[in-house]
Amino acid sequence: MNLRDPSHEIEVFERNAPGVTFGWGVVFSDLTVDNITRNDPGSAKTINEELAHWDDIDVHFRGETITSGGHGFIGIGRKRLLEILQDRARALGVALYFNAECDPADAKWRNYDLVIASDGSNSRFRDAQPEAFGVDVDVRANKFVWLGTSKVFDAFTFAFEETEHGWIWAHAYRFAPDCSTFIVECSEETWRSFGFDRMSQDESIASCERLFARYLDGHSLQSNATHLVGSAAWLNFKRIKCERWSSGNVILLGDAAHTAHFSIGSGTKLALEDAIKLADLLNRKGLSLEAALDEYQAERSLEVLKLQNSARNSTEWFETLERYTHFEPLQFAYSLLTRSQRISHENLRLRDREWLETVERWFWKRATEGKSNKTAPPMFAPFKLREMEVMNRVTVSPMAMYSAVDGVPNDFHFVHYGERAIGGAGLVFTEMTCVSPEGRISPGCTGMWNGDHIAAWKRIVDFVHTQSKAKICLQLGHSGAKGSTKLGWEGNDVPLDDGNWPVMAASDVPWSPVNQVPRPMTRADMDTVRDQFVAAVRMGLEAGFDMVELHAAHGYLLAGFISPLQNKRTDEYGGSLENRLRFPLEVFAAMRAAWPKERPMSVRISATDWAGESGITPDEAVLIGEAFAQEGADLIDVSAGQTWAGQQPVYGRMFQTPFSDRIRNEGKLATMAVGNIYEPDHANSILAAGRADLVALARPHLVDPFWTLRAAAALDYREVAVPPQYLNGMAQLARNMKREAEAAAALRV
Ligand SMILES: Cc1cc2nc3c(=O)[nH]c(=O)nc-3n(C[C@H](O)[C@H](O)[C@H](O)COP(=O)(O)OP(=O)(O)OC[C@H]3O[C@@H](n4cnc5c(N)ncnc54)[C@H](O)[C@@H]3O)c2cc1C
Ligand SMILES: Cc1cc2nc3c(=O)[nH]c(=O)nc-3n(C[C@H](O)[C@H](O)[C@H](O)COP(=O)(O)O)c2cc1C
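Throughout what follows, the structure given in this document is the object of discussion. (Residues numbered from 1 in each chain as written. Chains lettered and ligands numbered in written order. Predicted model: local features only at pLDDT ≥ 70, side-chain atom pairs only at ≥ 80, totals over all residues. Heavy atoms only, no water.)

Right, let's get into the packing of helix α16 (residues 523–543) against helix α18 (residues 577–594). Contact geometry of α16 with α18 gives a least axis separation of 9 Å together with a crossing angle of 30 degrees. Read as a crossing pair, α16 and α18 show a hand that is right-handed. Here α16 contributes Arg523, Met526, Val529, Arg530, Phe533, Val534, Val537 and Arg538 to the contact with α18, which in turn contributes Phe583, Glu586, Val587, Ala590, Met591 and Ala594. Of the residues in the contact of α16 with α18, the class split is 10 nonpolar, no polar and four charged. (Axes fitted to C-alpha atoms, helices over the stretch in contact; angles between N-to-C directions. Helix = DSSP H or I, 4+ residues; strand = E, 2+ residues; numbered from the N terminus. Left-handed = near helix turned anticlockwise from the far one by under 90°. Contact = heavy atoms within 4.5 Å. Nonpolar A, V, L, I, M, F, W, Y, C, P; charged D, E, K, R; others polar.)

A few words now on the packing of aromatic side chains. All told, the structure shown has 45 aromatic pairs when counted by the stated rule. Centroid distance Trp109 to Tyr112: 5.8 Å. Interplanar angle 35 degrees. Geometry classified as tilted. Judged by relative accessible area, Trp109 falls into the buried class, the value being 8%. Note on Tyr112: relative accessible area 26%, which makes it partly exposed. Against the face of Trp511 rests Lys482, its NZ or CZ located 4.1 Å from the ring centre. (Phe/Tyr/Trp six-rings, centres within 6.5 Å; stacked < 30°, edge-to-face > 60°. Buried < 20%, exposed > 50% of the residue type's maximum accessible area, 1.4 Å probe, protein only. Lys NZ or Arg CZ within 6 Å of the ring centre and 35° of its normal.)

With mixed pairing, the three strands of this open sheet are ordered in space as β8-β16-β15. The two strands at the open ends of the sheet, each matched to only one other strand, are β8 (115–117) and β15 (246–247). Bridging between β15 and strand β16 (residues 250–252) involves two bridges; their strand directions are antiparallel. Considered in β16, the bridge of Ser247 is made with Val250. (Pairing = 2+ DSSP bridges.)

Close to ligand 2 lie 17 residues, the nearest being Ser397, Pro398, Ala400, Asn676 and Arg699. Contact distances for ligand 2 include 2.7 Å between an oxygen atom and a side-chain N or O atom of Ser397. At a separation of 2.7 Å, a nitrogen atom of ligand 2 approaches a polar backbone atom of Ala400. Of the residues contributing to the shell around ligand 2, the split by class is eight nonpolar, six polar and three charged. (Near = heavy atom within 4 Å. Polar contact = N/O pair within 3.5 Å; in protein donor to acceptor, adjacent residues only side chain to side chain.)

As C-alpha cells, then:
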C-alpha cells in the first residue's frame, strides 16, 4: 500500500515478539517470486538472494529411494521471510507493534478505515463474525507436527516408514544453508497407537527422531511451537473457506480467508498474492471501495479454488495412503507426484525425461508380463482380460445413439461403430442395448431380443474384427423407471408425447414428477428380466462379441435396485446393500453362466449417487465392485450419478477417476475410468498412477472417432494400428505434430 501511495497510514499489530514465529521453512514457486518482483523489486531482491534452490524429489519407500528431478523448488525460512518483510515495511513508514494481541471486540477497530485481518487460520476476527463471512471449516483426518532440523536435505524428501502401528511419514526440505523443515504425518489411528496422544512434546520429538533416525544422520528434531503443550503440538489440518471475504471495515486475507494443505505448499504464496491484489485494487483510481472489495474476492477466490481443489486431492492422497502401499516403489512415487492432478505425465516428462521413461518401461514390462521393454506411453500398452487382449488401454465408452428402429441397428450404427473401431481404440463398447422392447429407454434404442438384432449386430462385429484390431463389447441393459422417453436430443428423460409403454422398477419411485410411476417388480418379473438378459447374452455370443457388459449404473433398472434413493422395497431385495444387490448380482451370475469362460465380462456401476450419505457412497462402491467381482466380473466400469434427479455432482477434469482409483486399489480389482478424460495426458497419468486399467472416453469420440490415432501422432508412437488405407495421413499428421512440438519446445527454451 505504501509503495503505491506513501500517504497511507498503516499500522501492523502482531501478538508475537519480533523474530518469533510458528513453523519453519516454506516453499515457493518461481511464479510467486516473479509476482513479488513485480510488486516490490526491493523485497524480491533480498528474498532471491536468500532462497534455497533444489531440483530433486526423493521418495523413500520400502527400502528403495526413487529420485526424480526437474522439480525446481525454492524455499526460505518463515522467520527470515518475516524479517525481510518487516524491515521493508519499516523502511516504507509502516508502524509495527509487537507483543500486541488484538481483540476483535475492541472498539478501536471502528476508528480505522480498513482492518486487514491477516491473523492466520485461527483468525479471531473471522471467528467473531462467522455468519457474516460464511465460514466453512473442514478438519482433516491426519495428524501432523511441524518440526525443524539442522540436517540439510539435498532433495525434497518424502520418507515413508511402515511400523507395527501403521504407516508414518515425513515431508522434509531445506530452506536455509543449515536448516530443514521436517513435517511428520500419520493417521489418527497410528498416532493413538503410538501413544503420541499421551506424550509430552519432548517425548513426541524423541520418538520421531528414533523413527526417522536413518534420514537424520544424528541430527536432532526441534519444535518452535512452544505455545502448544503436550500432544497439542500435533495438529489436524483445517481446510478453511469463506463465502465472503469482507464485512464492514474488516477484510480477510491469507489463511484467515482460506487454507491450502501444506502438502502442496501454497499457503504463503496465496497470502502474498492476496495482499498484492488487494493493494492494487485499493489504489486503483476511480474504483469505489465496494467495487474494489468485490473484485478482490472475485479474482482471488478463483485462484484459491483451483489450489484448494488440488490441495484436496493431495490431502486425500495422504489420508488414504494405505490404498497405495501395495504399489511397487516406482509406481508409488509416480502416484505421489501426480496426486494433486496438477502434475501430469507430460509435466513429468518435461521435468525429468529419463525418470519418466523408466516409469514407462516399468509399465510396459508389467503390462506384458515381462515380454516388452518398450519405452512408450502407458495408454498404448496392451491389457488382458481372461483370453481377450486389447491392443491398447483406450476405450470408446458406451453411447446411446437413439437411431434404431424396433431395436435393430442400421447403416448409421454400422458406420458409427466401424469408424470408431478403425480409429485406433483398443476396445469399442456398444450403446446400452436393451434386452426387451419395454426395457428400452426410447423408441430409438438398440436391442437384442430377436434374430434381426443378432444379424444386424453380427454385420457390425464382423466389420470390426476383419477391418480393425479393436475388440467390441456389448453393453446390455434395461431402462426400468427411466424407460419410455424421447430420443436423447428431443429431451433427456422426458416421456413420449404418445405411445408410452408401462414401466417397471424396484419400487414405485418415479424418476421425476413428469415420469411415469413404475410398477414395483414381482418375483415373476425378476425371473422374466433375468432370463431376457441371459437370452441377450446368448445372442451376443452368436453375433460374435468379444465381451459383454451389464449396465447397472445411471438409474436404469438394476441401478434402481442398488440405490437406496430408488429402492424402497421391504422384502429381501430392499433395505441393506446386500439385499439391494441381490437381484443385480443374480442377473450378473446368470449372464456369466451363459457366457464363455474365456471371454470377459464387466459391469458398469454408479460409484456415488452424488447425494451424500443418503445415497450410494464411494465406500459402498468398493463393496459393490467386490460383490460383482465375486460373481465373475473381470472389470468394474466406474461411472457415477444419474441415479437420482436431485444429484449434486462435482464436475471437473477426470472427475470420476477418484472412484475408480478407490475401487481398484482398495478392492484390488481391475477398473475402467470414465468421465471428462479428454487428453492423452489424462489417460497416461491415470494409467501410470494405477488409478485405472483402462480409460473410456465418450464425448471426445463423438466428434473424433480417430482420437487414439491423433494421440499416437502427438506422442510420436508409431506402432498404433492404422488402417493401411490411412497410413499416408497418419504419417503426415505425425510429422506436423512433431514439428509443432519442437517449435513449442524451442519457444519454451
Ligand atoms: C506444516 C505446514 C507447512 C507449511 N508449508 C508451507 C509451504 O511450504 N509453503 C507455503 O507457501 N505455505 C506453507 N504453509 C502454509 C503457510 O504457513 C500459511 O498459509 C501462511 O503462513 C499464511 O500466512 P498468513 O499471513 O495468512 O497467516 P500466518 O502466517 O498464520 O500469520 C498470522 C499472524 O497473525 C498473528 N496473529 C494471529 N492472531 C492474532 C491476534 N489476535 N493478535 C495479534 N496477532 C495475531 C500470528 O501470530 C501470526 O504471526 C504451511 C503450513 C503448515 C501448517
Ligand atoms: C450421447 C451419450 C450417450 C450415452 N449413452 C450411454 C449408454 O448407452 N450407456 C452408458 O453406460 N453410458 C452412456 N453414456 C455415458 C458415457 O458412456 C460416459 O460415461 C459419459 O459421457 C462421461 O464420459 P465423457 O466425459 O468422456 O463423455 C452416454 C453419454 C453420451 C454423451
